[in-house]
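For reference, the chains in residue letters:
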Amino acid sequence: AILSLVLALAPGLGGCRDAEPPALSTALPDAPKNIVLLSLDALRQDHLSTFGYTRPTSPNIDWLAEHGIAYRSIVPSGCSTKTSLTSLLTALDYDRHGILDHGDVLPDSYLTLAEALQAIGYETFAYVATPHLAAELNYDQGFDHFSDFSNLDSGYIRADQILGRILADLDAPSIGTTPFFIYAHFEEPHPPWIYGSPWLDHPEPSQRFFDRSCTFVPSAADLAAFPPDLRRRLIAKYDASIRHADAAIGLLLDNLRRLGQLQNTLVAVTTDHGLELLERYSATHGYTPFDEVVRTFFILYDGSSPINAPFGTNIQGRIFDIGPTLMARAGLPIPSPFQGVDLLQHADQLPTLAFSTCYNAQVARSLDHKLIWFDYSRKRVRKKNKPVGYQEGPLLFDLRADPGETHDIRREEPAIFHSFAQALDAYRQRTGASHLQIEQMDDSELRRETTERLRSLGYID
């Protein structure tokens, strides 16, 4: 990654953009902003009060949105945590970084957001609950302080455990002497849902609904056997998990206020992907290419000044635009290896289409239309992972007229279908070349704690 940074600094060397990138200064700007980037796992934007959800699941996230800005149409690079968080941390789309499987190793050659900020003079911290970002997979690059909780036996790292580490570091004497970058990934509200719920008539503190929650695609017989009230209970548990993580975010904001840092800190909240909640055929994400999973959000708060967005929030961004947006808002040039753009000031540079990759499908999405192409030949797809009611091949939806994605309009709109299919095919070809370059660790090579955590979340047997 240092080579990437050198290329970004040196005129005429390398670079990933057509236009000449701005020179990346190694000096801090006057009054540099701290940056706090929070990602929650499998958080659906339509279960946040900010976007109209009726339950008060997210009062602290709502406060950030009310006093900042909220984008409701952010496309994740993948339906999986690994792919999307790699895009978040490298500002590269999946067709550029090629990382999909849980044993994929982040290459040293990729410039990360943490490395770019570290080179400028930021003190960098990471707290990651997900085993997909373990240090042994090289996701600690660029961080001065990295906590992946690999010394804990617990399979599920709770938001309050993440918060405890953050607050201890914020009380260190060095905080405030230099700007800091904090990245924290909360496992909530990814299943299993371990908390009781105020929206249930009786407590269910640790019930797991499915044996392999994030990769289980039920058969028709499984779906028919589910109890009638299962979805109501499942959603109540999911919402309680959001509320738990939101409470931790509120305590973090309180401590930034106490330290006198909140007014000088950018606070961003996003997710890696959403989650299907038995609307169609599962309560999973990796095998669900519909908007429950591939339409996410980005909320940004800037404590010291109002946020001006000339192009408004009715745009379609991508998860790898978030890092560049934070750097630009902090007054820092965007490094040339970064693929994303500043959503606040340069949303006019966004392409019409954004892409997302699931284990069994790929997606091309615009604000108006969406193409899903189911592909059951992919290596992560087994017979039991084929969803009920969806055949291999393409589906095209009009998102304005049919936001529930129920009516295939390929025959009605052949020109739109052809253009989307052509773009998706080109994206597929680029992705295949990228993935071939990635080093992989199999399960036997990973630390026992990492594999146990992957197993507890349902990713491996």
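Residues numbered from 1 in each chain as written. Predicted model: local features only at pLDDT ≥ 70, side-chain atom pairs only at ≥ 80, totals over all residues. Heavy atoms only, no water.

Enquirer: Sorry, what's going on with the sheet that holds strand 8 (residues 317-318) here?
Expert: Strand pairing in a sheet relies on backbone hydrogen bonds. The paired strands run either parallel or antiparallel. The 8 strands lie next to each other as 4-3-5-1-6-7-2-8, forming an open sheet whose pairing is mixed. Both outer strands of the open sheet, strand 4 (145-147) and strand 8, are each paired with one neighbouring strand and no more. Where strand 3 (residues 123-128) and strand 5 (residues 180-186) come together, 6 bridges link them in parallel fashion. When the bridges of strand 5 are listed, valine 128 appears paired with histidine 185. Against the sheet, helix 2 (residues 59-66) makes contact with strand 2 (69-75), strand 6 (265-271) and strand 7 (296-302), and its axis sits at roughly 65 degrees relative to strand 7, the strand it touches most. Together, strand 1 (34-40), strand 6, strand 7 and strand 8 form the strand contacts of helix 10 (residues 322-329), whose direction differs from that of strand 7 by roughly 10 degrees. (Pairing = 2+ DSSP bridges. Helix = DSSP H or I, 4+ residues; strand = E, 2+ residues; numbered from the N terminus. Contact = heavy atoms within 4.5 Å. Axes fitted to C-alpha atoms, helices over the stretch in contact; angles between N-to-C directions.)

Enquirer: Explain a negative patch on the surface here, please?
Expert: Where like charges cluster on the molecular surface, the negative patch consists of Glu439, Asp442, Asp443 and Glu445. Among the secondary structure elements, glutamate 445 is positioned in the loop between helix 11 (414-435) and helix 12 (448-456). (Patch = residues over 30% accessible without salt bridge, like charges linked within 9 Å, V, L, I, M, F, W, Y side chains within 5 Å. Areas by Shrake-Rupley, 256 points an atom, 1.4 Å probe, with all protein chains shown as cover. Salt bridge = Lys/Arg side-chain N within 4 Å of Asp/Glu carboxyl O. Lys, Arg positive; Asp, Glu negative; His and termini not counted. Charge placed at Lys NZ, Arg CZ, Asp CG, Glu CD.)

Enquirer: So what exactly am I meant to see when it comes to the sheet that holds strand 11 (residues 369-374) here?
Expert: With respect to topology, 4 strands assemble into an open sheet ordered 9-10-11-12, the strand pairing being antiparallel. Bordering the open sheet on either side are strand 9 (354-357) and strand 12 (393-398), each of which pairs with just one other strand. Direction aside, the axes of adjacent strands within the sheet are offset by 15 degrees on average.

Enquirer: I would appreciate a short explanation of the pairing of strand 9 in the present structure.
Expert: In the case of a regular strand, side chains alternate between the two sheet surfaces. Taking every second residue as pointing to the same face, both faces of strand 9 are buried, with Ala354 and Ser356 on one and Phe355 and Thr357 on the other. Between strand 9 and strand 10 (residues 361-365), which pair antiparallel in sequence order, lie 3 residues. (Buried < 20%, exposed > 50% of the residue type's maximum accessible area, 1.4 Å probe, protein only.)

Enquirer: Can you help me understand helix 8 (residues 230-258) in this one?
Expert: Count 3.6 residues to each turn of an α-helix, and residues three or four apart come out pointing the same way. Under the 1.5 Å per step criterion, the end-to-end length of helix 8 is 43 Å for 29 residues, consistent within 8% with the ideal 42 Å. Count one or two residues on from helix 8 and you reach glycine 260, which has phi positive near 75 degrees. (Expected span 1.5 Å × (residues − 1).)

Enquirer: Honestly, the nonpolar core in this entry has me stumped. Any pointers?
Expert: As a rule of thumb, soluble globular proteins bury nonpolar side chains together. Counting 86 residues, the largest nonpolar core has Leu37, Tyr71, Phe181, Tyr183, Phe298, Leu300 and Phe374 as the members making the most contacts within it. When residues of this core are assigned to their parent elements, the largest contribution, 5 residues, is made by helix 5 (residues 113-120). Sequence-distant contacts of phenylalanine 374, defined by excluding residues within four places in its chain, comprise Tyr281, Pro289, Phe290, Asn360, Ala361, Pro387, Tyr390, Gln391, Glu392, Gly393 and Leu395. If you look at the next biggest cluster of nonpolar residues, it comprises 53 residues, including Tyr53, Ala70, Phe180 and Leu230. (Core = buried A, V, L, I, M, F, W, Y, C linked by side-chain atoms within 4.5 Å.)

Enquirer: What exactly am I supposed to notice about the packing of aromatic side chains here?
Expert: The relative placement of two aromatic rings is captured by the distance of their centres and the angle of their planes. Summed over the entire model, instances satisfying the criterion amount to 15 aromatic pairs. Among the aromatic residues, ring-to-ring pairing joins Tyr281, Phe290, Phe374, Tyr376, Tyr390 and Phe397 into one connected group. One residue, arginine 280, lies across the ring of phenylalanine 290, its end atom 3.9 Å from the ring centre. For arginine 428, the ring lying beneath its charged end belongs to tryptophan 373, and the centroid distance is 5.2 Å. (Phe/Tyr/Trp six-rings, centres within 6.5 Å; stacked < 30°, edge-to-face > 60°. Lys NZ or Arg CZ within 6 Å of the ring centre and 35° of its normal.)

Any link to function would need more than the numbers given here.
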